[in-house]
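Structural description and commentary
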Amino acid sequence: MGDWTDLLPELTEADRRQVEAGLDEADARIRAALGQPGPGYFWFPSTRTAQWRAVAAWPAGDRRLAALAMHRTAATASIPAALNDVVRGLATGDVPWTRADLLWCLRLAGSGYDNGAHLELPAAVAARLTPAELTDLLPALGALRDDVADDYFIPAEVRRRVVRLVSEAIDRARGGGLPSWLLHGGDGFGPLARATVGAGLDAAGDLLAHCASLEKPTPTATWLRQLDAHLAATPGGPATVRRLLDLFAEHGRGVHDDTDRLLRGLLWAASRDEGDAATEVLARAVSTAAAAPRHARGFPHAQRAAIAGVGLLAGRAGEAPARTLARLAVTVRNRAVRSRVDAALASLGALRGWSLSEVAELAVDDHGLDRDGCLRVPVGSYEATVEVVGEKARLTFARRGTALRAVPAAVRDDHADELAGLRDVVKRLNATLASERQRVEALLSEERTWAYADWVARFLDHPVTGTYGRRLLWETSGDGRRWSAGLPRRDADEWVLAGRDGRPVRGDRVRLWHPVTAAVDEVLAWRGHVLDTGLTQPFKQAFREIYVLTPAEEATASYSNRFAAHILRYRQANALMRVRGWEAGYLGTWDGGYDSEATKLLGGGAWRASFHHALVEADDAGHYEVRYCTTDQVRFARRDGATWRAVPVAEVPPLVFTEAMRDVDLFVGVTSIATDPEWADRGEDRFHAYWRRAAVAELAPSAQVRRDALARLLPRMAIADRVELADRFLRVRGSIRTYRIHLGSGNILMEPNDAYLCIVPARARGGRIHLPFDDDPVLSVILSKAIMLAADDTITDPTVLRQLTA
């Protein structure tokens with residue numbers, strides 16, 4: 001702060017002497033009156049004492065000099081002093097402020113402490129001067145306002161007060177229009193709104209100022225009555241409110257805290273209209289407010305607006321509120337906003353008689369796609385098609401039935417707005433696809449059933465959810481006791497569940513199939529069927545790992561130590577936890593940062609799993625980056641009203657237990673240092689013993705499923721005669737040497753002396769082999785390594801060749 005001082009006019013020597021006349025005496029008097037401690041002490045005088053009441057009764061001229069003296073201290077003292085209240089208190093009333101006083105204060109205010117005390121008096125004096133006295137100070141005052149608005153080190157209350165007082169002074173001098181403290185240049189949205197909406201903002205100044213005055217997510221009845229009065233008195237007021245919210249949704253970026261507060265009030269203003277169009281505006285604005293940049297998922301674009309907006313959506317009719325809240329429930333990472341989203345969903349479900357899961361299902365946006373997952377729109381002489389291919393949305397163009405490889409130039413030039421709208425559909429559709437994949441997979445931890453007709457409508461006919469539901473195994477029953485599994489198949493005009501023999505299985509209730517509830521023979525049979533039919537499931541289902549309670553866990557009772565004492569690469573582990581829907585505080589060398597508890601809701605929100613992990617301190621005391629963490633217990637709790645009650649592992653439903661443990665196994669299996677072959681070369685590293693033990697350890701359930709998949713895949717591959725599947729290893733016979741690839745870590749040992757081989761596999765060499773799922777990176781690595789090593793006489797990489805011939 002301080003460049004704005006270059007815009008100030010000169011303070012004449014005569015004016016300086018006039019301002020400072022009697023200043024030193026006033027300084028001594030005010031310090032004595034307020035009881036300043038000795039030199040070198042932090043000074044925090046109170047304005048709630050008898051001494052202050054005496055000072056407040058001083059004549060106006062004496063208070064002026066005392067305020068100037070305290071301003072000088074706030075701006076130039078070597079030790080900060082909390083003089084904000086004192087300066088403001090002295091400056092009020094009938095103090096005879098002059099232009100020279102303001103110019104003198106501004107010249108001192110170019111530097112100061114983060115408490116903002118050095119800004120209080122310039123703002124207060126500017127608010128008292130006439131427009132004529134401010135004219136030549138406007139450039140500096142405008143730059144000061146923008147500088148302070150963007151300074152987040154200053155306390156928010158002080159920052160907003162200074163910005164508002166300085167802005168009001170500027171507006172008074174310039175005469176009318178939108179208050180300059182609204183939609184200022186502290187973010188990209190303010191200037192955009194002023195340029196786009198233009199004159200409509202000037203007419204709505206009082207309405208927008210009232211919207212910005214809302215201090216809490218829920219306003220008082222008085223504030224709402226005043227809002228209604230402003231809306232009625234402002235020409236085009238409701239339209240301006242909707243235009244600003246739509247513009248914010250289009251802007252799609254983070255905004256300044258002041259703008260966030262304004263948006264919060266605008267959402268309440270828009271909510272006074274109960275129509276469907278207003279609901280759609282609210283839904284779009286709330287979605288944008290709750291969204292966050294990719295590099296900072298926990299920091300929404302406008303957190304205050306998001307918190308207020310999700311509550312407003314819960315009480316509105318139509319599909320848009322349910323659709324928006326359901327999407328936010330799986331995309332929002334900020335805890336404050338997420339808790340409000342969960343509460344809003346519960347409230348909306350209660351109003352409509354739905355469970356939370358039903359809210360999410362019924363709210364899935366189809367984006368205008370037909371049952372086959374396509375949206376066809378004429379654009380000039382072309383036809384645009386938005387369609388779901390695999391699990392991604394894409395936009396293509398055709399002319400007279402002939403597909404085109406790129407967007408036609410005529411569409412780019414003459415139909416830019418329509419093209420932008422179609423691309424926005426693709427973007428929003430991809431977001432819905434990603435959130436639906438997470439939601440459908442989360443159903444594996446729920447004991448839910450659906451009426452047959454509801455199941456067809458929600459999971460098969462729906463153009464988005466059907467992308468996943470049609471490739472999953474389901475079970476049906478007529479009595480709720482005996483269940484028969486099958487894959488969805490469309491026969492004529494109806495959907496049926498077809499068993500492995502192709503015959504329909506009948507029932508009036510449907511549930512999602514999970515291997516933990518099926519017999520071993522059935523699981524193995526469905527795995528073979530999935531491979532034989534070439535089906536790629538959206539996530540592991542037939543080949544899903546299962547985790548059942550062990551005697552050791554029954555003995556510990558309250559927790560599981562199954563995956564304790566592993567060393568993980570922390571940044572990758574933390575990122576994977578977040579991808580899998582776990583929430584955890586970040587580890588670090590600060591108070592409370594040495595251990596963390598990652599949590600995830602399961603079983604439709606009725607259960608919570610907790611995964612404890614702790615920081616591994618670096619050998620170098622000056623190295624603060626957290627590179628590794630160690631794993632600890634997994635615990636469970638059940639929702640009990642608004643709190644959580646710890647539950648013994650034996651009481652946890654099998655679906656909840658297996659899904660939680662599967663995630664933790666994934667964290668260990670993917671991010672453990674045991675999966676890094678370069679650890680073999682680290683000599684006396686303190687983790688080397690763990691690496692050697694874990695790199696060839698007994699197979700965890702995830703690796704056991706991987707072994708079963710390999711047993712089915714390898715006979716179909718060209719290297720079938722060169723591989724042999726053992727208990728823990730895949731043995732590969734090359735032309736130079738024979739190798740053993742561990743099925744858990746993917747690490748390679750070379751026979752006959754079990755020397756480690758470090759290679760980076762080229763996945764492109766994996767060939768065209770069908771995998772029944774795509775969410776096991778270690779399986780892909782093992783296959784690519786096996787293909788490479790089976791043809792080791794074709795390897796040209798010198799770093800690998802040196803290891804083979806060593």
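In what follows, the accompanying structure is described. In this text, all values refer to a predicted model and were calculated from it rather than measured experimentally. (Residues numbered from 1 in each chain as written. Predicted model: local features only at pLDDT ≥ 70, side-chain atom pairs only at ≥ 80, totals over all residues. Heavy atoms only, no water.)

This next bit is on the overall build of the protein chain. When its secondary structure is counted, the protein chain shows 33 helices and 20 strands. Counting every position in the protein chain, which comprises 806 residues, the buried fraction comes to 50%. Within the protein chain, contacts between residues at least 6 apart in sequence are counted, and of these 67% link residues at least 24 apart. About 36,300 Å² of surface is accessible on the protein chain, with carbon and sulfur atoms providing 51% of the total. Of the charged side chains in the protein chain, 102 are positive and 105 negative; the average position of the first set lies 3 Å away from that of the second. (Helix = DSSP H or I, 4+ residues; strand = E, 2+ residues; numbered from the N terminus. Buried < 20%, exposed > 50% of the residue type's maximum accessible area, 1.4 Å probe, protein only. Contact = heavy atoms within 4.5 Å. Areas by Shrake-Rupley, 256 points an atom, 1.4 Å probe, with all protein chains shown as cover. Lys, Arg positive; Asp, Glu negative; His and termini not counted. Charge placed at Lys NZ, Arg CZ, Asp CG, Glu CD.)

Read across the open sheet, the 6 strands follow the order β5-β10-β6-β7-β8-β9; overall the sheet is antiparallel. The open sheet has two edge strands, β5 (450-451) and β9 (504-505), and neither has a second partner. As defined by bridge partners, strand β6 (residues 474-477) adjoins strand β7 (residues 484-491) across 3 bridges and the pair is classed as antiparallel. Each residue of the ladder has a partner; that of Thr476, found in β7, is Ser484. Each of β7 and β8 (494-498) is contacted by helix α26 (residues 520-533), which is oriented at about 30° to β7, the strand it contacts most. (Pairing = 2+ DSSP bridges. Axes fitted to C-alpha atoms, helices over the stretch in contact; angles between N-to-C directions.)

Right, let's talk about a positive patch on the surface for a bit. Taken together, the side chains of Arg294, Arg297, Lys392 and Lys427 make up a positively charged region of the molecular surface. As for its placement among the helices and strands, Lys392 is situated in strand β3 (residues 392-399). (Patch = residues over 30% accessible without salt bridge, like charges linked within 9 Å, V, L, I, M, F, W, Y side chains within 5 Å. Salt bridge = Lys/Arg side-chain N within 4 Å of Asp/Glu carboxyl O.)

A few words now on empty space enclosed by the protein. Tallied over the entire structure, the rule returns 1 cavity of 30 Å³ or more. Here the largest cavity is characterised by a volume of approximately 100 Å³. Elements with a minimum of two residues in the lining of the largest cavity: α19 (319-331) and α23 (416-442). (1 Å grid on protein atoms, 1.4 Å probe; cavity = no way out; pocket = protein on both sides within 12 Å on 5 of 7 lines; lining within 4 Å. Points joined across faces, edges and corners; volume = space filled by probe spheres on them.)

It is worth spelling out the pairing of strand β18 (residues 738-742) at this point. Most of β18 sits inside the fold, with 4 of its 5 residues counted as buried. In the sheet, strand β17 (residues 729-733) pairs with β18 via 5 bridges, with the strands oriented antiparallel. Looking at β18, one finds that Leu730 is bridged to Ile741. Between β17 and the antiparallel strand that follows it, β18, lie 4 residues. Here β18 runs beside strand β19 (residues 748-750); their pairing, made up of 3 bridges, is antiparallel. Bridge pairing links Tyr739 to Met750 in β19. Between the end of β18 and the start of β19, which pair antiparallel, lie 5 residues, with Gly746 showing a positive phi angle near 80°.

Burial analysis of helix α6 (residues 99-108) places 7 of its 10 residues in the buried class, which makes it a mostly covered element. Every buried residue of α6 is listed here: Ala100, Asp101, Leu102, Leu103, Trp104, Cys105 and Leu106. Each element contacted by the buried residues of α6 is listed here: α1 (13-20), α2 (23-34), α4 (60-76), α7 (117-126), α8 (131-134) and α9 (138-149).

This part covers the sheet that holds β19. Across the sheet, 5 strands lie side by side as β16-β17-β18-β19-β20; this open sheet has antiparallel pairing. Each edge of the open sheet is held by one strand with a lone partner, namely β16 (723-725) and β20 (755-757). Between one strand axis and the next, the sheet turns by 30° as a mean value, whatever way the strands run.

Right, let's talk about the packing of α4 against α7 for a bit. With their axes 7 Å apart at the nearest point, α4 and α7 run at an angle of 140° to one another. For the pair α4 and α7, the sense of crossing is left-handed. Judged by residue contacts, Ala67, Leu68, His71, Ala74 and Ala75 of α4 engage Ala117, His118, Leu121 and Pro122 from α7. Tallied by class, the residues present in the contact of α4 with α7 amount to 7 nonpolar, 2 polar and no charged. (Left-handed = near helix turned anticlockwise from the far one by under 90°. Nonpolar A, V, L, I, M, F, W, Y, C, P; charged D, E, K, R; others polar.)

What follows deals with the nonpolar core. Membership of the largest hydrophobic core comes to 119 residues, with the highest contact counts inside it found for Leu90, Trp97, Leu121, Leu208, Leu227, Leu245 and Leu266. In terms of residue count, the dominant contributor to this core is helix α18 (residues 303-314) (8 residues). Those residues in contact with Leu90 that lie beyond four places of it in its chain are Ile30, Trp52, Val55, Arg63, Ala66, Ala67, Met70 and Val95. (Core = buried A, V, L, I, M, F, W, Y, C linked by side-chain atoms within 4.5 Å.)

So, about the pattern of salt bridges. Enumeration over the complete set of coordinates arrives at 61 salt bridges. Linking Arg72 and Asp24 is a salt bridge whose minimum nitrogen-to-oxygen distance equals 3.0 Å. Residue Arg72 is located in helix α4, and its partner Asp24 is located in helix α2; the two are separated by 48 residues in the primary sequence. Of the charged contacts in the structure, one is a salt bridge between Glu391 and Arg471, with a shortest N-O distance of 3.1 Å. On the criterion of sequence distance, the pair formed by Glu391 in the loop between β2 (382-389) and β3 and Arg471 in the loop between α25 (466-469) and β6 is long-range, its members being 80 residues apart. We classify Arg471 as buried; its relative accessible area is 19%. Salt bridges linked by common partners bring Glu391, Arg437, Glu441, Arg471, Lys540, Arg544, Glu545, Arg580, Lys600, Glu659, Arg662 and Asp663 together as one network.

Relative to the helices and strands, Leu83 resides in the loop between α4 and α5 (84-91). The class of Leu83 is buried, set by a relative accessible area of 0%. When the C-alpha atoms of Leu83 and Arg737 are compared, they prove to be 79 Å apart, with 654 residues separating the residues in sequence.

Sheet analysis places strand β1 (residues 374-379) next to β2, joined by 6 bridges and oriented antiparallel. When the sheet's bridge partners are listed, Cys374 is paired in β2 with Glu387. Following β1, the chain reverses through 2 residues before pairing antiparallel with β2; Gly380 in that reversal takes a positive phi of roughly 60°.

Tracing the backbone shows Glu436 in helix α23. Accessibility expressed as a relative area gives 3% for Glu436, which makes it buried. Beyond its immediate sequence surroundings of up to four residues, Glu436 is in contact with Val364, Val464, Thr465 and Tyr468.

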